[in-house]
Amino acid sequence: MDKYFEYLHTVGFEETNLVGNVYYVNYLRWQGRCREMFLKERAPDVLADVREDLKLFTLRVDCEFFAEITAFDELSIRMRLVELAQTQLEFSFDYVKLDRDGGETLVARGRQRIACMRGPNTRTAPARVPEALVTALAPYTTARRS
């Protein structure tokens with residue numbers, strides 16, 4: 001199996017609905033959190049660039065659900081790079097419930113397409129994916145270059 005960047009998360013009560021299962025919007029939040037933790041842990045130079053001029057715009061996001069999860073379930077959100085273009089990236093996310101006995105259950109799968117942009121807010125334009133980001137993502141890629 002290919003390598004992935006992993007963000008571990010314990011589901012809290014505030015992430016569930018009245019029925020007790022996780023409210024769908026949280027899966028999308030966890031994609032963003034996983035991406036942020038990747039930048040913090042594996043690409044601090046890119047994170048510094050984001051604080052300056054680089055903008056990472058989310059163009060598209062989706063998630064397909066296979067099983068319900070509830071409060072205090074332990075999750076592994078696993079991010080992989082699936083496409084690398086000149087100015088855009090596409091990630092996949094596997095949401096895996098970690099059982100106490102060491103078992104794993106795939107509960108959802110998602111994707112996210114990102115565009116790299118630069119410039120002031122009134123004149124933001126597409127920009128090449130920074131080489132530092134390409135390098136940081138290399139171990140986690142199943143990507144094709146386009």
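In what follows, the structure referred to is the one given above.
Residues numbered from 1 in each chain as written. Predicted model: local features only at pLDDT ≥ 70, side-chain atom pairs only at ≥ 80, totals over all residues. Heavy atoms only, no water.

### A short note on the packing of helix α1 (residues 25-42) against helix α2 (residues 44-52)
Here is step 1 of the chain: Closest axis-to-axis distance for the α1/α2 pair is 5 Å, and the angle between their directions is 115°. Here α1 lies roughly perpendicular to α2, going by the angle between them. Counting all contacts with α1, which are made through Leu39, Lys40 and Arg42, the residues of α2 involved are Pro44, Val46 and Leu47.
Here is step 2 of the chain: In terms of residue class, the contact of α1 with α2 is built from four nonpolar, no polar and two charged. (Axes fitted to C-alpha atoms, helices over the stretch in contact; angles between N-to-C directions. Helix = DSSP H or I, 4+ residues; strand = E, 2+ residues; numbered from the N terminus. Parallel < 35°, antiparallel > 145°, perpendicular 65-115°, else oblique. Contact = heavy atoms within 4.5 Å. Nonpolar A, V, L, I, M, F, W, Y, C, P; charged D, E, K, R; others polar.)

### Observations concerning the packing of aromatic side chains
Here is step 1 of the chain: This structure, assessed with the given rule, holds nine aromatic pairs.
Here is step 2 of the chain: Here phenylalanine 5 and phenylalanine 38 contribute two aromatic rings whose centre-to-centre distance is 5.4 Å and whose plane-to-plane angle is 85°, an arrangement assigned as edge-to-face. One end of the pair, phenylalanine 5, is in strand β1 (residues 5-10); the other, phenylalanine 38, is in helix α1, with 33 residues separating them in the sequence.
Here is step 3 of the chain: An angle of 55° between the planes, with centres 5.3 Å apart, marks the rings of tyrosine 27 and tryptophan 30 as tilted. In this pair, tyrosine 27 and tryptophan 30 are both assigned in helix α1, three residues apart and thus about one turn of the helix distant.
Here is step 4 of the chain: Using a relative accessible area of 3% as the deciding quantity, one classes tyrosine 27 as buried.
Here is step 5 of the chain: For tryptophan 30, a relative accessible area of 2% corresponds to the buried category.
Here is step 6 of the chain: Among the aromatic side chains, those forming a connected cluster through ring pairs are Tyr27, Trp30, Phe65 and Tyr95. (Phe/Tyr/Trp six-rings, centres within 6.5 Å; stacked < 30°, edge-to-face > 60°. Buried < 20%, exposed > 50% of the residue type's maximum accessible area, 1.4 Å probe, protein only.)

In short, the description is geometric, and any link to function would need to be established separately.
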